[in-house]
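Chain and residue survey
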Amino acid sequence: MGEKSDTSEKDVTDFRPPEDFARNAIVNDPEIYSRTEKDPQGFWEENAENLHWHRKWDSVLEWEPPHARWFTGGKLNACYNCLDVNLQKRADKTAIIWEGERGDIRKYTYKELLEEVCRFANVLKGMGVGKGDIVTIYLPMIPEVIISMLACARIGAPHSVVFAAFSGESLATRIGDANSRILITCDGYSRRGKIVEQKNKVDDGIRSCGLVEKVIVVRHIENDVSMKDGRDVWWHEVMKGSDSSCEPEIMSSEDMLFLMYTSGTTGKPKGIVHTTGGYMVATHTTTRFVFDLKDEDIYWCTADCGWITGHSYLVYGPLANGATIVTYEGAPDHPEKDRYWDLIERHKVTILYTAPTAIRTFMKWGPSWPQMHDISTLRLIGSVGEPINPGAWLWYHENIGQGRCPIVDTWWQTETGMIMISPLPGITTTKPGCATLPMPGIKAAVLDEKGNEVEPGKDGYLAIMEPWPSMVRTVFGNEERFIETYWSKWDNRTYFAGDGAKMDEDGYFWIIGRVDDVIKVSGHRIGSAEFESILVSHPSVAEAGVVGKEDELRGEVIYCYVTLRSGIKESEELKKELRMYAEKNIGPFARPRHIIFSDDLPKTRSGKIMRRVLKAIANEKDPGDVSTLQDPAVVESLKERTKMLESS
Ligand code: WT7
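Pairing is mixed in the open sheet, where seven strands are placed in the order β14-β13-β10-β8-β9-β16-β17. Two strands close off the open sheet at either side, each with one partner strand: β14 (232-234) and β17 (270-275). Neighbouring strand axes in the sheet, compared pairwise and without regard to direction, differ in orientation by 25° on average. Pairing of strand β10 (residues 182-186) with strand β13 (residues 214-218) involves five bridges; the strand directions are parallel.

Below you can see the structure in the form of C-alpha cells.
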C-alpha cells in the first residue's frame, strides 16, 4: 500500500514510491539527476539515439539566445517515428482504442493506423498540400484527428489543430493567422448526448475569410450538412481508392512540426511554433520517464488534441514509444458519472493522465462512482493543467490510485512542449499538491523581479535557466512578441514562464499559478485582453475588464466588469446577451460566470484599466494601494456589486 514515510513530523504527508513500483520502474536510480546536471546535452543526445534518424545530427545544440536549434543537421520524420518504427515488433499491436460518446468502439493496430495515415497523406498530397503548407484541423476526439495530424507530419505539412469547441470565429482567426488553405472538420459530434453542429460553425466562421480552398469533412454522426461545391469534400469519398503507402518526407530537425495557438496577454492568440527533432526527442523521452511507459501498458490521456497535452502525451510521445493509447470522445458524465471508471475497467487501463478540474469534479460526485468498477489495473496516475490542491491530490491518491499508484503532477506549458517539472515515479518522494522537481536535463529556478534567486519558502517567478529540446521556437509571424513575452523579463537567455512559484527546503517546486493576465478556466487558457476585446466589440459595451475569480471546481471562473455605452440601460437580458456573445465568439468553455455592470472601472491616471485591482475585488481580497487611481471611489462601488453577486 502507499508507503507513507514516517521519518519525521514534517514528512507525514510525503509519499515514497512503493517498493515494487520502484524496483520495476524504467528510471529508478536517483543518480540520473546528478549525471545529467553535469552534462544535459549529453543526456538529450543519448536519448535522441532512441529515435530513427534518416541522417544523424551534426551538433546537439546551437544556442544563440534566445534562439535554440537542436540536433542541427539531423533529418527525420515524426510520423515515421510514431508508426513505421513500430512495424517490425508491433505491427499487430493495438495503437489506438477509441471510444465514442455513444459507446461505439474502434481499434487500430499499428499496421492499420499506418495504412490509414498514408491514405490520408496521399489525399492531402493530391490536393497540392506539400512541405511547409499549414493544414488546420478542427475535429473532436475521433480517430481522424490523430490520422490527420500524423498524415500532415508524414508529408511535412505543419498542422494547426483548433479545439473543436472553439467558435467558428475563433477558428477563422487562427486560419487567417496561419494562412491555411486546407481545413479538416466533420459534420457534427455528440456532447452529453447533444449534437454540436460543427460543419455549420465552419460555414459561418470562414464565410468572410476567403483563404480556405478545401474543406475535408468527416461523416461522423450522419448529420445533415450543406456541402459547398468545389470547396467541400467528404473524407470517406476522397479516401476511397487512395494508396495506402506514402513515402515520408525527410524533414530537417528544425523544420516546423506544428503550430498550436494559445492565449496570451494581448488580444490575439499566439501561434506557438514547435519543430521536429527536439520535440520528438523531448516527448519520446519524457513519456517513458514520467509515465514509466512499458510495452504492456494501456495508456489513457484524457486530453483533447486541441491542446498541447493531446499533441505531446496522447499522440507523439506515446506512439513514438509504441504504446497502446485509449482515447474517448465524450463527457465524463455521459451517460452516467462512472463513464471514466467504466472505460478503465473495460479497456484495462494501466496509466491515467487527467486534469485537476476533472479530479475535483469526481470528488464532488463522490467515491461511489469509481467504486462501482474494478479499476485495479491502474498502476500510475497523473495530473496536468493547473495547480492541484492537496485535498484533490489526496482524494485522487486514495480513490483512484487506491492508495497504491504513484501520482505524477506534471508542470509544463504549450510553449515548453514537454513536461518540465514532475516526479519520476520510481524515485521521487511526492508531496500532495507539489509538482516536485525539474526533469533530468532541465534547470529551473524561482527568481525575483531582478532575476535573483529567492529564498526557499518565498514567492517568486518560475524561470527556466537553460534551453531544452522542445522549447517554443518563435511565435508564428511575430518574432517581437516571442522575445517580448518570454525573453525580456530578465535577460535573453532566461525563460519567463508566466507562473508564480516557490521552492521549499527540499528544493521542491510549488507552482502557484499565472502571474500575468491569463485566466485558467478548467485548465483552459483564456487571455483577459482577448476576452475584453470581444466584449467591447459588442455594440452596447464601452469598456470591459475581465479577470479570473478562484473557484473550487474549475480553478478559476471568469468575471467581466463592463461599462455600457451612454444611453444603454443595464438589464438582465443584456447580461444574458453578453454571455451568449462571448460564448459565440470564443466557445462554450469560455462562458463568463458573471457580468458586472459598472459606471466606471479602476483606471490609472493615464486611463489604463487595472486588472490587478479588479482581480482583488473579484476575489474579495485587499486591492492594496488604490490612491493612484483616477477615481478611487469606484473600488468601493465595485466591491459592493461583487458582494451582491455572492449573496444572490
Ligand atoms: C499553464 C500552461 C501543459 C499542458 C496543459 C496546459 C498551468 C500546467 C500545471 C501543474 C500547476 C500548471 C500553468 C502553466 N499548469 N500544469 N502541474 N501545476 N500549474 O498547457 O494551456 O499552455 O497552460 O498551465 O499556469 O503556465 P497550457
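Once that is clear, we can look at the site of the ligand. Surrounding the ligand, one finds 17 residues, the nearest of these being Asp409, Thr410, Thr414, Asp499 and Arg514. The side chain of arginine 525 places a nitrogen or oxygen atom 2.7 Å from an oxygen atom of the ligand. Protein coverage of the free-state accessible area of the ligand, which is 560 Å², stands at 96%. At the level of elements, α12 (308-320), β22 (407-410) and β26 (509-514) are the ones that each hand at least two residues to the shell around the ligand.

Let us now look at empty space enclosed by the protein. One water molecule sets the probe size; rolling that probe over the atoms shows where empty space is left. Going through the model one piece at a time under the given rule, you end up with four cavities of 30 Å³ or more. Estimates place the volume of the second largest cavity at around 50 Å³. In terms of lining, the second largest cavity is formed by Asn77, Ala78, Cys152, Ala153, Gly156, Ala157, Pro158, Met251, Met256, Leu257 and Thr276. Sorting the residues of the lining of the second largest cavity by element identifies α7 (143-155) and β16 (256-262) as the ones contributing at least two each. Classifying every residue of the lining of the second largest cavity gives eight nonpolar, three polar and no charged.

The subject of this paragraph is the environment of glycine 457. Here glycine 457 shows up in the loop between β23 (444-447) and β24 (460-464). The contact partners of glycine 457, leaving out residues within four places of it in the chain, are Lys502 and Met503.

Pairing is antiparallel across the open sheet formed by four strands, whose spatial order is β23-β24-β25-β26. Each of the sheet's edge strands pairs with one partner strand only, and the pair in question is β23 and β26. The sheet shows a mean angle of 45° between the axes of neighbouring strands, taken without regard to direction. Pairing of strand β25 (residues 495-503) with β26 involves five bridges; the strand directions are antiparallel.

Take the domain arrangement of the protein next. We note that the domain assignment places domain 1 (119-251) and domain 2 (518-647) within the protein. Summarising the inter-unit geometry, the C-alpha centres of domain 1 and domain 2 are found 35 Å apart. Listed per partner, the contact involves seven residues of domain 1 and nine residues of domain 2. At the junction of domain 1 and domain 2, the tally comes to one salt bridge. Between glutamate 169 and lysine 584 there is a salt bridge whose closest N-O contact spans 2.9 Å. There are six residue pairs in polar contact (both at pLDDT 80 or more) connecting domain 1 and domain 2. The class makeup of the residues in the side of domain 1 that touches domain 2 is three nonpolar, two polar and two charged.

Before going further, it helps to examine the packing of helix α6 (residues 110-126) against α7. In helix packing, the relevant descriptors are the interaxial angle and the interaxial distance, both defined with respect to the helix axes. α7 packs onto α6 with a crossing angle of 65° between their chain directions and a minimal axis gap of 8 Å. Between α6 and α7 lies a crossing whose hand is right-handed. Mapping the contact onto sequence places Leu113, Leu114, Glu116, Val117, Cys118, Phe120, Ala121, Leu124 and Lys125 in α6 and Ile147, Ser148, Leu150, Ala151, Cys152, Arg154 and Ile155 in α7.

The rules we used
- Residues numbered from 1 in each chain as written.
- Predicted model: local features only at pLDDT ≥ 70, side-chain atom pairs only at ≥ 80, totals over all residues.
- Heavy atoms only, no water.
- Pairing = 2+ DSSP bridges.
- Helix = DSSP H or I, 4+ residues; strand = E, 2+ residues; numbered from the N terminus.
- Axes fitted to C-alpha atoms, helices over the stretch in contact; angles between N-to-C directions.
- Near = heavy atom within 4 Å.
- Polar contact = N/O pair within 3.5 Å; in protein donor to acceptor, adjacent residues only side chain to side chain.
- Areas by Shrake-Rupley, 256 points an atom, 1.4 Å probe, with all protein chains shown as cover.
- 1 Å grid on protein atoms, 1.4 Å probe; cavity = no way out; pocket = protein on both sides within 12 Å on 5 of 7 lines; lining within 4 Å.
- Points joined across faces, edges and corners; volume = space filled by probe spheres on them.
- Nonpolar A, V, L, I, M, F, W, Y, C, P; charged D, E, K, R; others polar.
- Contact = heavy atoms within 4.5 Å.
- Domains from an automatic or database assignment.
- Salt bridge = Lys/Arg side-chain N within 4 Å of Asp/Glu carboxyl O.
- Left-handed = near helix turned anticlockwise from the far one by under 90°.

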